[in-house]
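Chain by chain, the residues:
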Amino acid sequence: MSSSAVLGQFLWHELLTADPAAGAGFYSKVFGWSAQPWEGSEEYTMLSRASGPVGGARVVGKDPLANKAGPSWLTYVGVPDVAAALDAVQARGGQVLHPVTAVGADGGSYAVIADPQGATIGLYQPGTGMSGGTDPKDAPVVWHELTAADPQAALQFYKDIFGWEVLATHEMGGDVGTYYLFGLGKTQMGGAFVWGKDQSSTRPRWLVYFNVPSVSAAVTATKSASGQVLNGPHQVPGGNWVAQMVDSHGVMLAVHGPKEAAVAAPKAPAKAKVKTKAKAKAKAKSKAAAKTKTKAKAKAKSKAKAKPVSKAKPKAKATGRKAKKAPARKVKTKAKTKTKAKAKSKAKAKSKAKAKSKPRAKARKAPRRGK
């Protein structure tokens, strides 16, 4: 991400907590995250889920920044030049809580401020070794909400520092009044509204909404993990549900997503796929069987055609088929022989008759010569 593109983007989140196990208990039970020491410092804890890092954690009493900001979820927003951004913050009535600090060799640098109305937020300038953000579709935090005594004045301050614009407003009624939707371009990134007098002074001014597969399940898990549900679940525009709660060590957070997890829907296509695969296999088998049968038939036919040729050879001995034909030939031969025999006997009879008749004629003539 270029230095100009990073401006106004939510890039990192940190849990500032009094819990010495920093995220290993409550957040593991509710969200399934894991917690392990950061390789850069054993005092800093990395919070992760299966798809990658979620954020970091600092322990109040052990970390100077956590001591100044107090228990909360701290959000870091991108700036191309953190030192120049701090100058702009102070010029507009903001306060620097934590000075510019480098993150490793090429991890960039950060600082923490309080806006003119007291809300705490971080500024982060990514280094050359940083990508500069998370894919919004897979982001662990999907919404950021600011409560202020004067939301319009607060949003003007943030416009000067981060470039955020008010994109739309929504009338909530009651003490809340107008809900201001802010963001960059046409992309809504969060909301702001009046901080009611009846709300606790320890309420964080910036509230983060974590993306969950089931808000109902997250609420149940929060209660089981010694947390407290403050508000919800209730539906919001767009069809999703939200709930606000406090973790086991007093840090406020919120969840956002469908009311119930969609478990049954993905399973149906999987069965259909299995059936389709089974059908495809059966078809392939029947085709293979049909091919084998056709080949076998073709072989049998070719063999059947080939047999008479081999039997027609003069040297071949008489087989079943020749034996059948042989009598017919013999009958024909006998018939011919009989006809020839008859003809011969007739010829012999004729010649005998001639022979008999000739001597008689000679016998009659002989005496005449004697005269």
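Everything here concerns the structure above.
Reference entry: report on the structure contained in this document.

Some details on the packing of aromatic side chains
Each aromatic ring pair is described using two quantities: the centre-to-centre distance and the angle formed by the ring planes.
Consideration 1: Enumeration over the complete set of coordinates arrives at 21 aromatic pairs.
Consideration 2: Ring centres of Trp38 and Tyr44 lie 5.8 Å apart, and the angle between their planes is 70 degrees; on these two criteria the pair is classed as edge-to-face.
Consideration 3: By relative accessible area, which is 33% here, Trp38 ends up partly exposed.
Consideration 4: On the accessibility criterion, Tyr44 (11% relative accessible area) is buried.
Consideration 5: Three or more aromatic residues link up through ring pairs in this structure, and these residues are Phe10, Phe157, Tyr158, Phe162, Trp164, Phe182 and Trp206.
Consideration 6: Positioned above the aromatic ring of Trp241, the side-chain terminus of Lys259 is 4.5 Å from the ring centre.

With respect to helix 4 (residues 151-162)
Consideration 1: Given a rise of 1.5 Å per residue, 12 residues ought to cover 16 Å, and the 16 Å separating the end C-alpha atoms of helix 4 matches this to within 8%.
Consideration 2: Among the residues making up helix 4, those that are buried are Pro151, Ala154, Leu155, Phe157, Tyr158, Ile161 and Phe162. Buried residues of helix 4, seen end-on, are gathered within an arc of 155 degrees and therefore sit on one face of the element.
Consideration 3: Once helix 4 finishes, Gly163 follows within two positions and takes phi at roughly 85 degrees, a positive value.

Digging into the pattern of salt bridges
Consideration 1: Within this structure, the stated rule accounts for four salt bridges.
Consideration 2: A salt bridge links Asp63 to Arg58; the nearest nitrogen and oxygen atoms lie 2.9 Å apart.
Consideration 3: Ionic pairing is found between Arg92 and Asp160, a salt bridge with its closest N-O pair at 3.2 Å. Of this pair, Arg92 sits in the loop between helix 3 (82-91) and strand 6 (95-102) while Asp160 sits in helix 4, and the two are 68 residues apart along the sequence.
Consideration 4: Classification of Asp160 by relative accessible area gives partly exposed; the value is 38%.

What about the side chain of Ser214?
Consideration 1: You can see Ser214 is positioned in the loop between strand 13 (206-211) and helix 5 (215-224).
Consideration 2: The exposure class of Ser214 is buried, given its relative accessible area of 7%.

Some details on the sheet that holds strand 4 (residues 52-59)
Consideration 1: The eight strands lie next to each other as 2-3-4-1-5-8-7-6, forming an open sheet whose pairing is mixed. With partners counted over all chains shown, the strands left at the sheet margins are strand 2 (34-38) and strand 6, one partner each. Looking at each pair of strands side by side, their axes are set apart by 30 degrees on average, direction ignored.
Consideration 2: The pairing of strand 1 (residues 10-17) with strand 5 (residues 72-78) spans six bridges and is classified as antiparallel. Note that in strand 5 the partner of Leu16 across the bridge is Ser72.
Consideration 3: Packed onto the sheet, helix 3 meets strand 6, strand 7 (108-114) and strand 8 (120-126) and runs at close to 10 degrees relative to strand 7.
Consideration 4: In this fold helix 4 packs onto strand 5, strand 7 and strand 8, with an angle of close to 10 degrees to the strand it touches most, strand 8.

Considerations on the layout of surface pockets
Consideration 1: Space inside the second largest pocket adds up to approximately 780 Å³.
Consideration 2: Around the second largest pocket sit 30 residues that line it, and Glu145, Met172, Tyr179, Tyr209 and His234 are the ones nearest its centre.
Consideration 3: Elements with a minimum of two residues in the lining of the second largest pocket: strand 9 (141-148), strand 10 (165-173), strand 11 (177-184), strand 12 (187-194), strand 13, strand 14 (228-235), strand 15 (241-246) and strand 16 (252-257).
Consideration 4: In terms of residue count, strand 14 provides more of the lining of the second largest pocket than any other element does, four residues in total.
Consideration 5: A breakdown of the residues in the lining of the second largest pocket according to their chemical character gives 15 nonpolar, 11 polar and four charged.

What counts, and at which threshold
Residues numbered from 1 in each chain as written. Predicted model: local features only at pLDDT ≥ 70, side-chain atom pairs only at ≥ 80, totals over all residues. Heavy atoms only, no water. Phe/Tyr/Trp six-rings, centres within 6.5 Å; stacked < 30°, edge-to-face > 60°. Buried < 20%, exposed > 50% of the residue type's maximum accessible area, 1.4 Å probe, protein only. Lys NZ or Arg CZ within 6 Å of the ring centre and 35° of its normal. Helix = DSSP H or I, 4+ residues; strand = E, 2+ residues; numbered from the N terminus. Expected span 1.5 Å × (residues − 1). Arc of directions from axis to C-beta. Salt bridge = Lys/Arg side-chain N within 4 Å of Asp/Glu carboxyl O. Pairing = 2+ DSSP bridges. Axes fitted to C-alpha atoms, helices over the stretch in contact; angles between N-to-C directions. Contact = heavy atoms within 4.5 Å. 1 Å grid on protein atoms, 1.4 Å probe; cavity = no way out; pocket = protein on both sides within 12 Å on 5 of 7 lines; lining within 4 Å. Points joined across faces, edges and corners; volume = space filled by probe spheres on them. Nonpolar A, V, L, I, M, F, W, Y, C, P; charged D, E, K, R; others polar.

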